[in-house]
Amino acid sequence: MSTRAPRRFAPYGFLSPAILLFVLFFALPIGYAIYLSLHTVHVRGLGLGGKAREEVWAGLDNYTGALSDPELLAGAGRVLRYGAIVVPLMLGLALLFALLLDGARTRFGSFSRLAIFLPYAVPGIIASLLWGFLYVPSVSPGYFLLRAAGLDGPELLQGGGLYLALANIAVWGGTGFNMVVIYTSLRAVPPELYEAARLDGCSERRIAVRIKIPLVLPALVLTFFFSAIATLQVFAEPMTLRPLANTLSTTWSPYMKVYRDAFVQGGLYSAAATAVVIAAVTLLLSLVFLKLVNRRATEAGS
């Protein structure tokens, strides 16, 4: 009995560091955010006394205000337009690069994979700063070359060009990661399938379209899921470019609105409710998407 008990609790001992970190840095912040979202501050008089500001129960008032806020809805619309550019372009390039690197005649494969993946290692804020200075006409070497050639450069920090400028940063940084996921899935395909297709007279393009892409469809679904979630949580790129672009408001994305309400305007309780709403919508979309994928996989297996 003395030897069985330690063996029984040994797995929990190995899991305890991960569980502790999960509770401290994930579960407790979520619980505290939910707590704040259900409360508000009641101010008496001028709010200068020691007990002039009191935290009181607010119920669902903060959620009602968040859901009826036109700035939040407008920010969600902008993020959806941004995602409609980023996700298809990023996954299309990732699939193209993976297919090219998996080709039979590919040269310098290791260097090419590293070069495509390397932008993913650059933090989002650093990448936004680098691209941001390239977007400013007064300091960008690209605009300098265009002016020297007598050409006018595009306005990338105003109007519709702003979406392209933000999307370019996300595509530049995220394509490499998605490419590695898809390429790894391609390398798991038995090479005998390709040899049999070549013996039947299939070209490399037909092999890619008829064999490779259908076989890596689960990897494409996975990368689409991760990319869509990351797009809904966009914050670093517009926040970093905002000092360089007058057209970027403080509520351009939902997370920027949460930051403004909490740390600029001092509305910590309403910001917590908005953050909980965003997290709930993201979770709901994730569950629906996973359910659809599982249903389709079940139907394909049967």
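A. Examining the nonpolar core more closely. Ranked by size, the top nonpolar core spans 22 residues in total, and within it Tyr82, Val86 and Trp252 carry the most contacts. Listing elements by their share of this core, those giving two or more residues are helix H3 (70–101), helix H5 (124–135) and helix H7 (161–187). Looking at which element gives the most residues to this core, the answer is H7, with eight residues. Not counting chain neighbours up to four residues away, the residues in contact with tryptophan 252 comprise Gly75, Arg78, Tyr82, Leu162, Tyr163, Leu166 and Pro238. Membership of the second largest hydrophobic core comes to 18 residues, among which are Leu95, Ile182, Tyr183 and Tyr194.

B. Main features of H5. If you check H5, its first and last C-alpha atoms are 16 Å apart, about what twelve residues at 1.5 Å a residue would give, namely 16 Å. Among the residues of H5, Ala127, Ser128, Gly132 and Tyr135 are the ones counted as buried. When H5 is viewed along its axis, its buried side chains cluster within an angular range of 130° and face the same direction. Lining the buried residues of H5 we find helix H6 (141–148), H7 and helix H11 (236–241).

C. How the structure looks around a nonpolar patch on the surface. Together, Leu15, Ile19, Leu20, Leu21, Phe22, Val23, Leu24, Phe25, Phe26, Leu28, Ile30 and Ile34 line one region of the surface with nonpolar side chains, adding up to about 1100 Å² of accessible area. The class for isoleucine 34 is partly exposed, based on a relative accessible area of 37%.

D. Broad picture of the pattern of salt bridges. Applying the stated criterion across every chain yields a total of eight salt bridges. In this structure, the salt-bridge partner of aspartate 69 is lysine 257, at a minimum N-O distance of 2.8 Å. Remark: lysine 257 occurs in helix H12 (residues 254–264) and aspartate 69 occurs in the loop between helix H2 (61–67) and H3; sequence separation between them is 188 residues. A salt bridge links lysine 257 to aspartate 261, with the shortest nitrogen-to-oxygen separation between them at 2.6 Å. Highlighted residues: lysine 257 and aspartate 261, both in helix H12, separated by four residues, approximately one helical turn.

E. Region of the structure containing the packing of H3 against helix H10 (residues 217–232). Orientation of H3 relative to H10, taken along the N-to-C sense of each, is 145°, at an axis distance of 10 Å. As for how H3 packs across H10, the hand of that crossing is right-handed. Seen from H3, the contacting residues are Val79, Leu80, Tyr82, Gly83, Val86, Val87, Met90, Leu91 and Leu95; seen from H10, they are Leu220, Thr223, Phe224, Ser227, Ala228, Thr231 and Leu232. Of the residues that constitute the contact of H3 with H10, the class distribution is twelve nonpolar, four polar and no charged.

F. Local environment of the environment of leucine 100. Among the structural elements, leucine 100 can be located in helix H3. Taking the relative accessible area as the measure of exposure, leucine 100 reaches 53% and is therefore exposed. Sequence separation between leucine 100 and tyrosine 183 is 83 residues; the distance between their C-alpha atoms is 9.5 Å.

G. Main features of the packing of helix H9 (residues 204–215) against H10. It is at 4 Å that the axes of H9 and H10 come closest, and there the two elements cross at 55°. For the element pair H9 / H10, the angle class is oblique. For the pair H9 and H10, the contacting residues are Ile213, Pro214 and Leu215 in the first and Leu217, Pro218 and Leu220 in the second. Looking at the contact of H9 with H10, its residues break down into six nonpolar, no polar and no charged.

H. Examining the packing of aromatic side chains more closely. For the coordinates displayed, the defined rule picks out 13 aromatic pairs. Taken together, a centroid distance of 5.8 Å and an interplanar angle of 50° make the contact between tyrosine 163 and tryptophan 252 tilted. Placement of the pair is tyrosine 163 in helix H7 and tryptophan 252 in the loop between H11 and H12, with a sequence separation of 89 residues. As far as the burial class goes, tyrosine 163 and tryptophan 252 line up, both buried. Ring centres of phenylalanine 224 and phenylalanine 289 lie 5.6 Å apart, and the angle between their planes is 40°; on these two criteria the pair is classed as tilted. One end of the pair, phenylalanine 224, is in helix H10; the other, phenylalanine 289, is in helix H13 (residues 268–301), and 65 residues separate them in sequence. Judged by its relative accessible area of 22%, phenylalanine 289 is partly exposed. Members of the aromatic cluster, joined through ring pairs, are Phe224, Phe225, Phe226 and Phe289. In this structure, lysine 212 packs its charged tip against the face of tyrosine 194, placed 5.0 Å from the ring centre.

What counts, and at which threshold
Residues numbered from 1 in each chain as written. Predicted model: local features only at pLDDT ≥ 70, side-chain atom pairs only at ≥ 80, totals over all residues. Heavy atoms only, no water. Core = buried A, V, L, I, M, F, W, Y, C linked by side-chain atoms within 4.5 Å. Buried < 20%, exposed > 50% of the residue type's maximum accessible area, 1.4 Å probe, protein only. Helix = DSSP H or I, 4+ residues; strand = E, 2+ residues; numbered from the N terminus. Contact = heavy atoms within 4.5 Å. Expected span 1.5 Å × (residues − 1). Arc of directions from axis to C-beta. Patch = residues over 30% accessible without salt bridge, like charges linked within 9 Å, V, L, I, M, F, W, Y side chains within 5 Å. Areas by Shrake-Rupley, 256 points an atom, 1.4 Å probe, with all protein chains shown as cover. Salt bridge = Lys/Arg side-chain N within 4 Å of Asp/Glu carboxyl O. Axes fitted to C-alpha atoms, helices over the stretch in contact; angles between N-to-C directions. Left-handed = near helix turned anticlockwise from the far one by under 90°. Nonpolar A, V, L, I, M, F, W, Y, C, P; charged D, E, K, R; others polar. Parallel < 35°, antiparallel > 145°, perpendicular 65-115°, else oblique. Phe/Tyr/Trp six-rings, centres within 6.5 Å; stacked < 30°, edge-to-face > 60°. Lys NZ or Arg CZ within 6 Å of the ring centre and 35° of its normal.

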